[in-house]
Amino acid sequence: MRLIRALDFLFFCRPLLLIPVWTVFLFLYDISFPEISLLGVHFVGGELSTFQLVNLVFLSGLVAAGYIINQIYDRDGDKINGKLGFLEPPVSLSVTGAWVLYVVLAVGALSFASSHVSLLAPYGAALLAGVLYSAPFVRGKDRPWAGLLLNAVPYSVIVWWAVVAEDRGALEVFKDVGAEEMFVLISLALAFAGIYLITTVPDHLGDKESGKRTVAVSYGGKAALRGALGALVGAGVFGALAESPALYLTALLAVVLVIFALRSGDSSHVLLAAKAPILVLSGFECYAHPMYGVFLLALLVLTRVYYKRRFGIVYPQLA
């Protein structure tokens, strides 16, 4: 029983939704620190970069904290859309317990950053993004353009900021961005903007009923998919300018899947278009770092077992 409760808190943090953070972090680290990489573990200047591994752990904690407050404030909408909630039976975590976990993750990350002051700015930005996305006084997730920006920027610019801040300085990083690096960041931001637009489509009826104004609610599902198509084409163009096959090939696949979803109108095709791009980009990173692939495989197996035993469902699924 203790193990199950521990796993409840683990999966309440939505570890599968952290895969984009991990993949983008590794991808950007490869670009910023290309010295040596062996079996997925980076060495910089001949020494194991333990700092960056710890950095990734605490950054992941901040993103997970954002997912926690999202679930706290989005309980009603999740019920309408038929989503599983960890604050409801059979798990029934308490709201108080959820807030305690949020505070632990946030304070832990900021405590680490206090000994690496260059990280305070990107960590603070990550924490603020999570609050702005879900907190009642802003509720960016319920507004079309705020929701778009709060998905596009954190998964690209803020992750990159956390990767390079210790090496370049918290604010100096923005004074010394090369053209190739800028193209990569624009490509990633457009890609995540496109993915976000796609994800607003399957839930738009429930979102409308609960009073949300996502892009799909405000402009319609097809308009959201067309916007995603434009963003993903842009991601491919900037990926090509950055001469990054991982970016432009991933974007190309995403464009094909969105076109297919637009023509078919099938919700499973929409879900596939939303999920496939990050899986493909993660595949590139798993090839470059085999131990990352082993870790993801283990996480997927654990997730399948947990959701089957806890909820009686098969999760995750590709579509």
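Right above here is the structure, for reference.
The rules we used
- Residues numbered from 1 in each chain as written.
- Predicted model: local features only at pLDDT ≥ 70, side-chain atom pairs only at ≥ 80, totals over all residues.
- Heavy atoms only, no water.
- Helix = DSSP H or I, 4+ residues; strand = E, 2+ residues; numbered from the N terminus.
- Contact = heavy atoms within 4.5 Å.
- Axes fitted to C-alpha atoms, helices over the stretch in contact; angles between N-to-C directions.
- Parallel < 35°, antiparallel > 145°, perpendicular 65-115°, else oblique.
- Buried < 20%, exposed > 50% of the residue type's maximum accessible area, 1.4 Å probe, protein only.

### Some details on the side chain of Glu285
Right, so step 1: In this structure, Glu285 sits in helix H14 (residues 267-288).
Right, so step 2: Setting aside residues no more than four positions away along its own chain, Glu285 makes contact with Thr23, Leu26, Phe27, Asp30 and Tyr292.

### What about the packing of helix H2 (residues 19-32) against helix H15 (residues 290-311)?
Right, so step 1: Where H2 contacts H15, the two axes come as close as 12 Å, and the packing angle between them is 180°. In terms of orientation, H2 lies roughly antiparallel with respect to H15. Touching Ile19, Trp22, Thr23 and Leu26 of H2 are Tyr292, Phe295, Leu296 and Leu299, all from H15.

### Observations concerning the side chain of Asp74
Right, so step 1: Among the secondary structure elements, Asp74 is positioned in the loop between helix H3 (50-73) and helix H4 (75-80).
Right, so step 2: On the basis of relative accessible area, Asp74 is assigned to the buried category, the value being 8%.
Right, so step 3: Apart from residues no more than four positions distant in its own chain, Asp74 is found in contact with Arg139, Lys141 and Lys212.

### Description of the environment of Leu128
Right, so step 1: As for its position among the elements, Leu128 is in helix H6 (residues 120-134).
Right, so step 2: Judged by relative accessible area, Leu128 falls into the partly exposed class, the value being 48%.
Right, so step 3: Measuring from C-alpha to C-alpha, the distance between Leu128 and Ser156 comes to 15 Å, with 28 residues separating the pair along the chain.

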